[in-house]
Amino acid sequence: MPVLCCFAALLSVWALCQAQSDTQLPPGTPAIQLRLAGDKRKHYEGRVEVYYSGEWGTVCDDDFSIQAASVVCRELGYVEAVSWSPSSKYGRGEGRIWLDNVHCTGQESTLAQCQSNGFGVSDCKHSEDVGVVCSQRRIPGFKFISTLTNNIESLNVQVEDVRFRAIYSQRKRIPISEGYLEVKDGGKWRQICDAEWTDMNSRVVCGMFGFPGEKGYNTKVYKLLAKRRKKNYWGFGVNCTGNEASLHECKLGHQVELKGNLTCEKNLPVVVSCVPGRAFAPSHALGFSKQPLVRLRGGANIGEGRVEVLKNGEWGTVCDDSWNLKAATVVCRELGFGSAKEALSGGRLGQGMGPVHMNEVQCSGFEKSLTECRFNRNSLGCSHEEDAAVRCHVPDMGFKKRETWYWHGDGSADDVVMSGVRCSGTELTLNQCLHHGKHLQCPKGGGRFAAGVSCSETAPDLVLNAQVVEHTTYLEDRPMYVLQCAHEENCLSSSAATATQASYRRLLRFSSQIHNNGQSDFRPRAAHHSWIWHECHRHYHSMEVFTHYDLLSLNGTKVAEGHKASFCLEDTQCEEGIEKRYECANFGQQGITVGCWDTYRHDIDCQWIDVTDVMPGDYIFQVVINPNYEVAESDYTNNVLKCRCRYDGHRIWTYNCHIGERAMQWRQTGITMMDTSFTGILSTH
């Protein structure tokens, strides 16, 4: 029973933390305070800094361990440590190195109880400063206790949780974007006195709740309510600079004297009102007409993805050198989300294509667009393995798609409520997708047409190599008598049905190299035992249609077509350091590993378009991978390749091949084309 086990484990951690917080420290235990500092990519990680004897200092990485990291994280109010890092990963600190050769059992209440050389006794340099990554979960009932008698403003805000408490008129709105700001400390929700509250504080609060900015509110309403309600104030103010990603990164303000009903008597509890982004604003909201020059691709959830920038009409990526939370937050706010939860590096959310437009990005955090930040225009040495990505704070919309649901239609179930659903992939709910009206033809319970979804945090991302297609295209005249297997698999045009065995078919041949740039392997949806055996070619098809090959007129009309069943999805080659996992020989497993590619050579059956009946002229050559969306991918926009081609009746020239949305830009150059429509991941069968 894994759920109960996990719950029991959490309870045991909570009990340990409670016991530690309630236990009086042994006499003589040095009074210290901790904080996480440095170049962070998440607010719950950083360089370990210790306040002792009136001075902040660091901890050396010699003999440090995950047990010591756990003590640090719990002392800061986090449930546990995830990892620790030596060698000043978060930058070099300043001042004293307070602790060296730290040995902890993991049961200590404070880092000061762990064995060490003693405070200030160290032979380390700041190049050895240690850092930790804590769990995001806060300790239930955690109460912040300051051991500092002065310099309290150098401490970060340490509370269990933060929330909006909306007034009645705001509670029915989704998302909730306004209300009293409350922090949970010592297991109780408390208000903050607004005596020192600033717009920069509100900006940070809105960002952590998923909103790009703050706005004014009706103060009269809240003044009236404040007179009627009992207040329970927190004992500290808050001091944010405005570019923090979370309230937990802000510094404490002055200590508030708690005097019961007289606390904050000349002021009121803090109220914050936020501006929803374009994806979450009411339909009548204005002010979002400008299309951003930045987009996210390859993420499993809304508000996350690989960062791509539009420059000179071409989308490109951002190198992860110097990538941090400030730059990531600029991206998130520009796109209508809140501040960044995480700045990701190393192509964590998939590798992009095309140029790397920006490198060594440096933002203050207040820029309106990533394009306003300083950066090194010379991106030499940056590959797509270093593509930067973000995870943004998004508003709570009252739902999470985290489960996997499959079911057969049940006649006793309620009526079917939707059919014909067509989504672009950017909608927040199914109701926002195109779908049939109220008059549905499906049987009660859905029958065999009941829809199901499978949710995942990671997905593959297939991308064609445009250059390979462009450089390998040629014509071949092939006799009908050697094309019988291809004819049986519908790889020839309809006129082949009446062709004689001695006649020839003209084939537009080419090679295709299909890369998996995603975060998980591309695997056929059909189980191994259900693959279809094709006797003529003597192989199994794991996907009946893996690619579509089409020749289109310049107005988008289809003049010739082909298709390729995935008779052999395998790892032809892989990037250095990645092992092949899939091989079709001997009825082996089929798929494409992350970082590998599958090559369909020009000289195999069905790797063509039958152009026997095509007249000379200018055309569009189009290839679509995974056209029926049988396998979920993180990005479908890069599944389409389009090339210009010219056929004179004897020869063919293929040029200007582009992947994804660049292919659509021919509309803007005077060529009218039929846009490929994407219907999203959800489908019914």
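What you are looking at is a predicted structure, and each value in this text was computed from that prediction instead of being measured.

Some thoughts on the sheet that holds strand 31 (residues 608-610)
Here we have three strands laid out as an open sheet, ordered 22-23-31, and antiparallel in their pairing. Only two strands of the sheet have a single partner each, and these edge strands are strand 22 (474-479) and strand 31. With strand direction ignored, the average angle separating the axes of adjacent strands in the sheet is 35°. Relative to strand 23 (residues 504-509), strand 22 runs antiparallel, the two sharing six bridges. Within strand 23, the residue paired with Tyr474 across the bridge is Arg509.

Some details on the sheet that holds strand 24 (residues 512-516)
Here four strands make up an open sheet; going across it, the order is 21-24-30-29 and the pairing antiparallel. Strands with a single pairing partner mark the edges of an open sheet, and in this sheet they are strand 21 (462-464) and strand 29 (573-574).

Concerning the pattern of salt bridges
All told, the structure shown has 22 salt bridges when counted by the stated rule. The residue Glu476 makes a salt bridge to Arg478 at a minimum N-O spacing of 3.2 Å. Looking at Arg478, the relative accessible area reads 26%, which means it is partly exposed. Connected through shared salt-bridge partners, Arg295, Arg297, Arg306, Glu308 and Asp635 make up one network.

Quick notes on helix 2 (residues 66-75)
Counting buried positions over the ten residues of helix 2 gives eight, a clear majority of the element. Every buried residue belonging to helix 2 is among Ala68, Ala69, Ser70, Val71, Val72, Cys73, Arg74 and Glu75, and all of these are buried. A positive phi of about 100° marks Gly77, the residue just after helix 2.

Some points on the confidence of the model for the protein
A residue-level look at the protein finds 84% of positions with pLDDT of 70 or above and a mean pLDDT of 82. For the protein, the element scoring lowest by mean pLDDT is helix 1 (residues 2-22), at 40; helix 3 (residues 199-208) scores highest, at 95. Low pLDDT, under 50, characterises residues 1-22; the predicted model gives this stretch 17 contacts beyond four residues in sequence or across chains. Within the model, the stretch residues 663-685 combines pLDDT values under 50 with 61 contacts to residues more than four positions away or in other chains.

Considerations on the pairing of strand 20 (residues 389-392)
With three bridges joining them, strand 15 (residues 304-311) and strand 20 adopt antiparallel strand pairing. Opposite Gly305, over in strand 20, you have Val390 as the bridge partner. When strand 17 (residues 340-344) meets strand 20, the two strands line up antiparallel, connected through four bridges. Bridging from a neighbouring strand, Ala340 pairs with Cys392 of strand 20.

Cut-offs and rules
- Residues numbered from 1 in each chain as written.
- Predicted model: local features only at pLDDT ≥ 70, side-chain atom pairs only at ≥ 80, totals over all residues.
- Heavy atoms only, no water.
- Pairing = 2+ DSSP bridges.
- Helix = DSSP H or I, 4+ residues; strand = E, 2+ residues; numbered from the N terminus.
- Axes fitted to C-alpha atoms, helices over the stretch in contact; angles between N-to-C directions.
- Salt bridge = Lys/Arg side-chain N within 4 Å of Asp/Glu carboxyl O.
- Buried < 20%, exposed > 50% of the residue type's maximum accessible area, 1.4 Å probe, protein only.
- pLDDT = per-residue confidence, 0-100.
- Contact = heavy atoms within 4.5 Å.

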